[in-house]
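# Coordinate inspection notes
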Amino acid sequence: MEIELKYGIPDPAIIDSLWKEEVFGGYGSVDKNTMISMSATYYDTREGDLRKAKAAFRIRREGDQPVATLKWNDSVREGLFEREELNINLTDSDCDAPTLKKFAESESAVPLIETVGDRPLIPVIKTNFTRRIMRIDTGTTIFEADLDTGIIITSKKNLDICELEIELYSGSREELVHIGEDLAKRFGLIPGVKSKYQRGIEACDEK
């Protein structure tokens, strides 16, 4: 289960003010502070079976490591995103013929695997972005703050990425929401922005 808050950053000038250890260190101890390049491709059948099932499947390179991710059962309440999520590390050869069957050991993924069947998966959206990562331990809650800047690439147009994600690892949802609200107020962030995948799909649908 993935639980996270998503915020749009309306002005790139805000980034340097926001992304400081003293900002996030005000909530607890900073255990990690790093930066990584990421590129992802989202796949679906030609018939859009995963989209119809309200699921998303991507292969993302996190540095040199390709990672397959399957997400479904989205729920959004007051800007807090909750969804089922599975992640599996892949080899380079696995990326040549993407398949959901890599998730077959997880019983929860079986319905989606059966939905797709043997139909080939084709790329529908791509993203390229840089992620700045900070992991914070408040003493009662552990969360990761990710600042993403880059682009979403679709068949119709490209979209800018400038957003903050705050993902709960363990502890209190209420504390996570409080921290998110505090950051939004201090830095003028836009709560509850759509996922990269959703934004890309909507761009593809534009007439």
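Now for a description of the structure that goes with this document. (Residues numbered from 1 in each chain as written. Predicted model: local features only at pLDDT ≥ 70, side-chain atom pairs only at ≥ 80, totals over all residues. Heavy atoms only, no water.)

## Here we look at the overall build of the protein
When helices and strands are counted, the protein shows 6 helices and 9 strands. For 207 residues, the compact-globule estimate of 2.2 N^0.38 gives 17 Å, and the protein sits close to it at 17 Å. Projected onto its principal axes, the C-alpha positions of the protein cover 50 × 40 × 35 Å. The buried share of the protein, taken over its 207 residues, is 46%. Of all intrachain contacts in the protein linking residues separated by at least 6 positions in sequence, the fraction that spans at least 24 positions is 64%. Looking at the protein as shown, the accessible area adds up to about 10600 Å², and 47% of this sits on carbon and sulfur atoms. Looking at the protein, you have 29 positive and 39 negative side-chain charges, and the mean spots of the two groups are 5 Å apart. (Helix = DSSP H or I, 4+ residues; strand = E, 2+ residues; numbered from the N terminus. Rg over C-alpha atoms; globule rule 2.2 N^0.38 Å. Buried < 20%, exposed > 50% of the residue type's maximum accessible area, 1.4 Å probe, protein only. Contact = heavy atoms within 4.5 Å. Areas by Shrake-Rupley, 256 points an atom, 1.4 Å probe, with all protein chains shown as cover. Lys, Arg positive; Asp, Glu negative; His and termini not counted. Charge placed at Lys NZ, Arg CZ, Asp CG, Glu CD.)

## Considering the packing of aromatic side chains
If you walk through the whole model with that rule in mind, you get 4 aromatic pairs. With a centroid separation of 6.1 Å and 90° between ring planes, the pair formed by Phe 57 and Phe 103 is classed as edge-to-face. Placement of Phe 57 in strand β3 (residues 55-62) and of Phe 103 in the loop between β5 (80-89) and α4 (110-116) is noted, with a sequence separation of 46 residues between them. Like Phe 57, the residue Phe 103 is buried in the burial classification. By the ring-pair criterion, three or more aromatic residues cluster together here, those being Tyr 43, Phe 57 and Phe 103. Seen from the ring of Phe 129, Lys 196 lies directly overhead, with NZ or CZ sitting 4.9 Å from the centre. (Phe/Tyr/Trp six-rings, centres within 6.5 Å; stacked < 30°, edge-to-face > 60°. Lys NZ or Arg CZ within 6 Å of the ring centre and 35° of its normal.)

## Things to note about helix α5 (residues 173-187)
Every α-helical turn comprises 3.6 residues, leaving residues that sit three or four positions apart pointing alike. Look at α5: 21 Å from first C-alpha to last across 15 residues, which is about the 21 Å you get at 1.5 Å a residue. Taken as a whole, α5 has its buried residues at Leu 176, Ile 179, Gly 180, Leu 183, Ala 184 and Phe 187. Seen end-on, α5 carries its buried residues on one side only, within an arc spanning 135°. Set apart from the buried face of α5 by more than 90 degrees, the exposed residues are Glu 174, His 178, Glu 181 and Lys 185. Lining the buried residues of α5 we find β1 (2-8), α1 (14-18), α2 (21-25), β5, β7 (142-153) and β8 (158-170). For α5, the N-terminal capping position is held by Ser 172, with its side-chain oxygen 3.1 Å away from the main-chain nitrogen of Glu 174. Directly beyond the C-terminal end of α5, a positive phi value near 65° is found at Gly 188. (Expected span 1.5 Å × (residues − 1). Arc of directions from axis to C-beta. Polar contact = N/O pair within 3.5 Å; in protein donor to acceptor, adjacent residues only side chain to side chain.)

## Some thoughts on the pattern of salt bridges
If you walk through the whole model with that rule in mind, you get 25 salt bridges. Between Lys 6 and Glu 163 there is a salt bridge, with the nearest N and O atoms lying 3.6 Å from each other. Taken together, the residues Lys 6 in strand β1 and Glu 163 in strand β8 connect sequence positions 157 residues apart. In this structure Glu 163 comes out as buried when scored by relative accessible area, which is 3%. (Salt bridge = Lys/Arg side-chain N within 4 Å of Asp/Glu carboxyl O.)

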